[in-house]
Amino acid sequence: APVWLEEVLREGLGNRRVVDPGGKERGAGGTMGRIWGVMIHHTGNDNESVAVIRDGVQQPSGWLPGPLSQCLIKPDGTVHLIAVGPCNHAGGGNYADLTNGNGSSIGFECAYDGSGPWPQKQIISMRDATAAVLKKIGEKSDHVCGHKEYAKPAGRKVDPGNMDMNWFRGEVQKDLDGFVFPGEGLTTIPPVLPPTQPALTDRQLLEEILTQLLGLPIPGGGRGWPQLGNRSLVDGLAELLKDKA
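Given the structure is predicted, the values throughout are model-derived calculations rather than measurements.

A.B. asks: Which residues make up the overall build of the protein chain, and what are the values?
C.D. replies: Per the secondary structure count, the protein chain includes eight helices and 10 strands. Of all 245 residues assigned to the protein chain, the portion counted as buried reaches 40%. For the protein chain, the share of sequence-separated contacts (at least 6 apart) that also reach a separation of at least 24 residues comes to 67%. In the form shown here, the protein chain has an accessible surface area of approximately 13,800 Å², with 56% of it arising from carbon and sulfur atoms.

This is the structure:
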């Protein structure tokens with residue numbers, strides 16, 4: 001089982017990843033084979049709960065036991081990790097060389113009603129989570145498909161609705177290629193530079209040199225450096241040379 005999902009999603013999503021209690025041990029039975037990639041779904045309900053995806057749902061054909069996917073991605077962009085074992089998300093079908101969706105793909109159910117614009121936060125998390133999985137298994141964006149592309153006979157499923165899967169694959173590939181999406185890159189804070197000092201005139205520069213040579217004014221008049229016994233630099237050097245002579 002891809003027990004690495006928890007860490008991989010943490011790295012790709014940060015605090016958008018939420019681990020459901022028991023999710024790291026949960027599955028619908030059996031074992032996962034080699035992970036082909038990611039399959040995207042929608043639930044038909046913007047407010048879909050983790051409990052339904054975890055436990056199962058009543059369908060016209062009968063009760064479909066959970067878990068119904070490895071993750072539920074909500075409109076606010078949170079990605080709930082519900083299971084790491086096989087999940088009842090794909091059913092019969094094929095896409096490219098994927099023929100066992102339940103046992104060989106990671107299912108992302110998205111809480112979306114099937115029409116209208118997708119929430120931006122949800123789309124971004126779908127993209128980031130998909131890219132994180134593909135990076136882990138060493139595949140490109142051709143290893144992500146929609147349920148509507150996989151399910152057979154064709155037309156049996158329409159999810160994810162209102163989404164061009166070629167466009168979505170393109171966004172995932174940009175992510176894999178290191179593209180920084182507008183508004184999502186790290187903000188570089190320019191360094192705080194010290195205030196620029198005005199350039200000294202020739203006279204000011206000479207006065208500065210003279211002050212350094214003579215030292216600061218001393219109490220009682222005269223000029224000199226306290227460290228040199230109130231002598232100037234020249235007098236202090238002369239005294240030093242005298243002592244060595």
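Still more to cover.
A.B. asks: I'd like a rundown of helix H6 (residues 165–176), residues and numbers included.
C.D. replies: Each turn of an α-helix holds 3.6 residues, which means side chains three or four residues apart point in the same direction. With 12 residues, H6 extends 16 Å from end C-alpha to end C-alpha; this agrees with the ideal 16 Å at 1.5 Å per step. Capping the start of H6 is the job of one residue whose side-chain oxygen sits 2.9 Å from the backbone nitrogen of asparagine 166: aspartate 164. Phi turns positive one or two residues past the end of H6, at glycine 178, with a value near 90°.

A.B. asks: Please set out the side chain of arginine 169 residue by residue, giving values where relevant.
C.D. replies: Considering the arrangement of structural elements, one finds arginine 169 in helix H6. A relative accessible area of 9% places arginine 169 in the buried class. In this structure arginine 169 touches Tyr95, Ser141, Asp142, Val144, Cys145 and Glu149, once residues within four positions along its chain are discounted.

A.B. asks: An account of the packing of aromatic side chains is needed here, citing residue identities and associated values.
C.D. replies: A full pass over the atoms with the stated rule returns three aromatic pairs. The positively charged end of arginine 127 is found above the aromatic ring belonging to phenylalanine 181, 3.7 Å away from the centroid. Directly above the aromatic system of phenylalanine 179 lies the positively charged group of lysine 174, at a separation of 5.6 Å from the ring centroid.

A.B. asks: Kindly report on the nonpolar core, identifying the contributing residues and their values.
C.D. replies: Side chains of nonpolar character tend, in soluble globular proteins, to be buried together. Core analysis: the largest hydrophobic core is formed by 28 residues, its most contacted members being Ile40, Ile106, Phe108, Met126 and Phe168. At six residues, helix H4 (residues 120–137) tops the list of elements feeding residues into this core. Every residue in contact with isoleucine 40, bar those within four places of it in the chain, is listed here: Phe108, Cys110, Met126, Thr130, Val144, Cys145, Gly146, His147, Asp159, Pro160, Met165 and Phe168. Core analysis: the second largest hydrophobic core is formed by seven residues, Met39, Tyr95, Cys145 and Tyr150 among them.

A.B. asks: Outline the pattern of salt bridges, listing residues and values.
C.D. replies: Any two side chains of opposite charge can pair, so long as their charged atoms come close to each other. Tallied over the entire structure, the rule returns 14 salt bridges. Between glutamate 7 and arginine 10 there is a salt bridge, with the nearest N and O atoms lying 2.4 Å from each other. Of this pair, glutamate 7 and arginine 10 both sit in helix H1 (residues 5–13), three residues apart, which is roughly one turn of the helix. The exposure class of glutamate 7 is partly exposed, given its relative accessible area of 37%. Close ionic contact of aspartate 55 with arginine 54 constitutes a salt bridge, the shortest N to O distance being 2.9 Å. Aspartate 55 gets classed as partly exposed once you look at its relative accessible area, which sits at 43%. Relative accessible area serves as the criterion here: at 27%, arginine 54 is assigned to the partly exposed category. Through salt bridges with shared partners, a single ionic network connects Arg16, Arg127, Asp128, Lys135, Asp175 and Glu184.

A.B. asks: Got a sec to walk through the pairing of strand S2 (residues 37–42)? Specific residues and values, please.
C.D. replies: The element S2 is largely enclosed, with a buried count of six among its six residues. Two elements, S2 and strand S7 (residues 105–110), share six bridges in a ladder whose sense is parallel. Note that in S7 the partner of histidine 41 across the bridge is glutamate 109. In the sheet, S2 pairs with strand S8 (residues 144–146) via three bridges, with the strands oriented parallel. Considered in S8, the bridge of methionine 39 is made with cysteine 145.

Quick notes on the rules
- Residues numbered from 1 in each chain as written.
- Predicted model: local features only at pLDDT ≥ 70, side-chain atom pairs only at ≥ 80, totals over all residues.
- Heavy atoms only, no water.
- Helix = DSSP H or I, 4+ residues; strand = E, 2+ residues; numbered from the N terminus.
- Buried < 20%, exposed > 50% of the residue type's maximum accessible area, 1.4 Å probe, protein only.
- Contact = heavy atoms within 4.5 Å.
- Areas by Shrake-Rupley, 256 points an atom, 1.4 Å probe, with all protein chains shown as cover.
- Expected span 1.5 Å × (residues − 1).
- Polar contact = N/O pair within 3.5 Å; in protein donor to acceptor, adjacent residues only side chain to side chain.
- Phe/Tyr/Trp six-rings, centres within 6.5 Å; stacked < 30°, edge-to-face > 60°.
- Lys NZ or Arg CZ within 6 Å of the ring centre and 35° of its normal.
- Core = buried A, V, L, I, M, F, W, Y, C linked by side-chain atoms within 4.5 Å.
- Salt bridge = Lys/Arg side-chain N within 4 Å of Asp/Glu carboxyl O.
- Pairing = 2+ DSSP bridges.

The quantities given are spatial measurements derived from coordinates; they are silent on function.
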